[in-house]
Amino acid sequence: MAKTTSTDIAYAAILTAVNIILLAVVLPPTGTIQITFLSNTLVFLFLVAFIGYGLGKIGDGTLILAETISLVFIMVHAGGYLLTWTFIRDQVLFSLLIFAVGIAVGSSFFKNIHLDLKLRLSREHIDHRTVLVGGIGIAGFTLLLTYLVSMIGELSTNPLIYALPATRYGLLFSLLNGTILTILLGDELISKPLLTILGSVLVYLSGLSVPLVIAVVRLRRPEYVISKRQEITLGTIIRKLKNSRWIKGRGKLSIGIELGKENNHVVVVGASGTGKSYLCKKIISQLRRYDIPVLVIDVHGEYGSIEEANIITPIGNPINILDDMGKMPEVRAREVADLISTAFRLGNVQRLALMQLISELYMRKTNPTLDDLEELIEEYLTSSKELGSFDKEVLKSLLPYVRSLRPKNKLARWVLPEEILGNKVTVVDLSVVNDMSLIKIYVETLLESVFHTAQLMRRGLFIVIEEVHRFSSKGKKSIIPRLFMEGRKFGIAVVAVTQDPLSVEPAVFTNTKVIISYVIPEASSSSYMARIFSGNDLVKYKKLREVLTSLKQFEALVWIRGDENVYVVKT
Ligand SMILES: Nc1ncnc2c1ncn2[C@@H]1O[C@H](COP(=O)(O)OP(=O)(O)OP(=O)(O)O)[C@@H](O)[C@H]1O
Ligand SMILES: [Mg+2]
């Protein structure tokens, strides 16, 4: 769902207007406004700082960056007519400094610039040739337009606006704008001549201002509403336990969700074949109505039939375990070494060696891959160089594990967390892999990377995790409890499914909003769940334990944090 960002357009339009007025004021006396250079400069600097501050508050980093570039060019261009180079340089530096102060005061959103571009550039349909052809094409059209309009412009009183794109800087900006447009719109732009012409008009009208182009294109960017209150219906209420007494229920039971604002996690428990996955699919189809993206960790390969599901697998869509996820190298090196050694049950010496190797890799190279790690190990094995006090045998023993993690499929396409957050439903089909160690490493890395990206993008995401006890068991390190504890802040909600509540890390239960339990015949598990549902109320505990072992087919007990009732619901 593309959301209209009218503020973006309004601000970019204002900025473009300001650019043109500034040019008219600062340029030699072709403009109509004549003030002394000193007062011009003062007004100019004040405006720049003010815009920087204003934009910083609004938080649109892309606009700030684009406008900074455009202002620098304007100053150089304008100054070139008036004063010496040293003076101009000082003016530019000074105004940039003031601009930066304005931004620094107002903005904490700079990482969005990086992410936005990364998101766009990672699109499959963008290749360098397209961008080049589009950039030059649009610049060419713009020049043509300039020529045509300048003929009319001769009759006009203000030649500045008409002649502007024909200057050297104007041309440079047309090229820049054209390239940006092509990056953002991709193939579509090239394949539709009308769009190319419209793009040229847009570039022409925006003069020297890049932001207008960006703003208009951003109209198309899908955005998810994070904090609107929405509801998910679980089923029909059969009865409810109120003040330790059962009362006949009526109506449907719905849970409110408000991503980013409150904890929205759900845990679904129950014996095999009771209806857990069925309920999850029902939840997913309701989330789709609200345009909330969903990621399913599908252990058994049973979610593939969901409409419009984008299916990925560890084989066809590998993920780089050595990605630093925006963390400090030492921190990430430790995490990766822990992850690999836990999954493969490596010894402590192997774990430490791995950690040191990965740390060294991060120092040598940005964005290393497992190939680089293998190369590094082989380098140590073949040369006389020592890695700390580690035996060569230890290093050698690591090689098979590193190799088993490397992507084998030549046609593989790396997983892009940005796409998961942008797609409606992404299903990770794990049924194609048998090795549980590889599955664990894949899922942990994927969740880590999605969590990292979600923090930057703040789009909201529901993650359904089947068989959660396999990934987050008691006492084992995993990102899943962290998703339960910190996910809310970034609009992440988890639906965790398990047959074995006793094995699941307790933090999952203590941080969830809703717990749904189907029948659990097994005594220790049903007692455990009854205790979670009843707090310290013994009467309630006994009643709930009895119900948990005797629930009918497709009936579930539903506990909602903050609600004094416990419901029996037909799902
Ligand atoms: N509310 C329901 N109404 C009708 N059929 C249902 C309902 N819930 C589940 N079923 C059916 O019951 C069967 C088992 O359900 P489901 O696969 O969801 O069980 P599960 O709890 O996920 O089992 P497992 O733990 O083995 O994965 C499925 O065929 C499903 O279609
Ligand atoms: Mg299931």
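Residues numbered from 1 in each chain as written. Chains lettered and ligands numbered in written order. Predicted model: local features only at pLDDT ≥ 70, side-chain atom pairs only at ≥ 80, totals over all residues. Heavy atoms only, no water.

## A few points about the side chain of E505
Argument step 1. Tracing the sequence through the fold places E505 in the loop between β9 (492-498) and α21 (506-510).
Argument step 2. K474 is the oppositely charged side chain nearest to the buried, salt-bridge-free E505, at an N-O distance of 8.3 Å.
Argument step 3. Residues within four places of E505 in sequence aside, it is in contact with S472, S473, K474, G475 and P481. (Helix = DSSP H or I, 4+ residues; strand = E, 2+ residues; numbered from the N terminus. Buried < 20%, exposed > 50% of the residue type's maximum accessible area, 1.4 Å probe, protein only. Lys, Arg positive; Asp, Glu negative; His and termini not counted. Salt bridge = Lys/Arg side-chain N within 4 Å of Asp/Glu carboxyl O. Contact = heavy atoms within 4.5 Å.)

## Brief notes about the confidence of the model for the chain
Argument step 1. Averaged over every residue, the pLDDT of the chain is 77; residues scoring 70 or more account for 66%.
Argument step 2. Mean pLDDT values over the elements of the chain span from 41, in helix α7 (residues 159-163), up to 98, in strand β4 (residues 266-269).
Argument step 3. Under a pLDDT of 50 for its full length, residues 78-83 has, in the predicted model, 11 contacts with residues more than four places off or in other chains.
Argument step 4. Note on residues 219-227: pLDDT is under 50 here. Beyond four places in sequence and across chains, it has 38 contacts. (pLDDT = per-residue confidence, 0-100.)

## Let's talk about a nonpolar patch on the surface
Argument step 1. Together, F141, L144, I197 and V201 give the surface a local cluster of nonpolar side chains, amounting to about 320 Å² of exposed area.
Argument step 2. Counting residues per element, the ones that place at least two in the nonpolar patch are α6 (128-153) and α10 (193-205). (Patch = residues over 30% accessible without salt bridge, like charges linked within 9 Å, V, L, I, M, F, W, Y side chains within 5 Å. Areas by Shrake-Rupley, 256 points an atom, 1.4 Å probe, with all protein chains shown as cover.)

## Examining the packing of helix α22 (residues 523-534) against helix α23 (residues 538-550)
Two quantities define a packed helix pair, namely the angle between the helix axes and the distance between the axes.
Argument step 1. Interaxial distance between α22 and α23 falls to 8 Å at its minimum, and their mutual angle equals 135°. One way to sum up the angle between α22 and α23 is to call them oblique. As α22 packs across α23, the resulting crossing turns out to be right-handed. For the pair formed by α22 and α23, the contact residues are S526, S527, M529, A530, R531, F533 and S534 on the first element and K540, Y541, L544, R545, L548 and T549 on the second.
Argument step 2. Considered class by class, the residues forming the contact of α22 with α23 number 6 nonpolar, 4 polar and 3 charged. (Axes fitted to C-alpha atoms, helices over the stretch in contact; angles between N-to-C directions. Parallel < 35°, antiparallel > 145°, perpendicular 65-115°, else oblique. Left-handed = near helix turned anticlockwise from the far one by under 90°. Nonpolar A, V, L, I, M, F, W, Y, C, P; charged D, E, K, R; others polar.)

## Some points on the site of ligand 1
Argument step 1. Around ligand 1, the structure places A271, S272, G273, T274, G275, K276, S277, Y278, Q499, F554 and T571.
Argument step 2. The contact in question runs from an oxygen atom of ligand 1 to an N or O atom on the backbone of G275, over 3.0 Å.
Argument step 3. Within the side chain of S277, an N or O atom sits 2.7 Å from an oxygen atom of ligand 1.
Argument step 4. When isolated, ligand 1 has an accessible area of 630 Å², and the protein chains bury 68% of it. (Near = heavy atom within 4 Å. Polar contact = N/O pair within 3.5 Å; in protein donor to acceptor, adjacent residues only side chain to side chain.)

## Digging into the side chain of D372
Argument step 1. Mapping D372 onto the fold places it in helix α15 (residues 370-382).
Argument step 2. On the basis of relative accessible area, D372 is assigned to the buried category, the value being 12%.
Argument step 3. Here T369 takes part through its backbone nitrogen, which lies 2.8 Å from a polar atom of the side chain of D372.
Argument step 4. Those residues within four positions of D372 in sequence are excluded, and the remaining contacts are L361 and K365.

## A word on the packing of aromatic side chains
Argument step 1. Taken as a whole and judged by the stated rule, the model has 3 aromatic pairs.
Argument step 2. Sitting above the plane of the Y290 ring, R289 keeps its charged end 5.6 Å from the centroid. (Phe/Tyr/Trp six-rings, centres within 6.5 Å; stacked < 30°, edge-to-face > 60°. Lys NZ or Arg CZ within 6 Å of the ring centre and 35° of its normal.)

## Notes on the pairing of strand β2 (residues 245-248)
Argument step 1. Where strand β1 (residues 230-242) meets β2, 4 bridges bridge the pair, whose relative direction is antiparallel. Note on β2: the bridge partner recorded for R239 is K248.
Argument step 2. Where β1 hands over to β2, the hairpin turn is made up of 2 residues, of which N243 adopts a positive phi near 45°. (Pairing = 2+ DSSP bridges.)

## Considering the environment of R403
Argument step 1. Among the secondary structure elements, R403 is positioned in helix α16 (residues 392-405).
Argument step 2. Given the relative accessible area of 37%, R403 is considered partly exposed.
Argument step 3. Expressed as a C-alpha distance, the spacing of R403 and L370, which sit 33 residues apart in the sequence, is 7.8 Å.
Argument step 4. Not counting residues up to four positions away in its chain, the partners in contact with R403 are E374, E378 and K408.

## Topic: the packing of helix α14 (residues 348-364) against α16
Argument step 1. At their nearest, the axes of α14 and α16 sit 10 Å apart, and the two run at 80° to each other. Considering the angle they form, α14 stands roughly perpendicular to α16. Residue-level inspection shows V349, Q350, A353, L354 and L357 of α14 in contact with α16, the latter providing V394, L395, S397, L398 and Y401.
Argument step 2. In the contact of α14 with α16, the residues fall into 8 nonpolar, 2 polar and no charged.

## Some details on α14
Since one α-helical turn is 3.6 residues long, residues separated by three or four positions face the same way.
Argument step 1. Here α14 contains 17 residues, and its C-alpha end-to-end distance of 24 Å stays within 8% of the 24 Å for a straight helix at 1.5 Å per residue.
Argument step 2. Among the residues making up α14, those that are buried are Q350, R351, A353, L354, M355, L357, I358, E360, L361 and Y362.
Argument step 3. Buried residues along α14 sit against α13 (329-343), α15 and α16. (Expected span 1.5 Å × (residues − 1).)

## Some points on the pattern of salt bridges
Argument step 1. Counted according to the given criterion, the structure contains 19 salt bridges.
Argument step 2. A salt bridge links E308 to R288, with the shortest nitrogen-to-oxygen separation between them at 3.3 Å. One end of the pair, E308, is in the loop between β5 (294-298) and β6 (309-312); the other, R288, is in helix α12 (residues 276-289), with 20 residues separating them in the sequence.
Argument step 3. Overall, R288 belongs to the buried group, its relative accessible area being 18%.
Argument step 4. Of the charged contacts in the structure, one is a salt bridge between R482 and E486, with a shortest N-O distance of 3.9 Å. Of the two residues, R482 and E486 both sit in helix α20 (residues 480-486), 4 residues apart, roughly one turn of that helix.
Argument step 5. When salt bridges that share partners are traced, they join K327, R332, E335, E448, R482 and E486 into one network.

## Re the nonpolar core
Argument step 1. Counting 55 residues, the largest nonpolar core has I297 and L447 as its most contacted members.
Argument step 2. Considering every element that reaches this core, the biggest residue donor is helix α18 (residues 436-457), with 9 residues.
Argument step 3. Not counting chain neighbours up to four residues away, the residues in contact with I297 comprise V428, L430, V443, L446, L447, I463, V464, I465, E466 and F471.
Argument step 4. I237, V266, L287 and V464 belong to the second largest nonpolar core, which has 34 residues in total. (Core = buried A, V, L, I, M, F, W, Y, C linked by side-chain atoms within 4.5 Å.)

## Observations regarding unusual backbone geometry
Argument step 1. At S244, a residue that is not glycine, the phi angle is positive and equals roughly 65°.
Argument step 2. With respect to the helices and strands, S244 occurs in the loop between β1 and β2.
Argument step 3. Residue classification places S244 among the buried residues on the basis of a relative accessible area of 17%.

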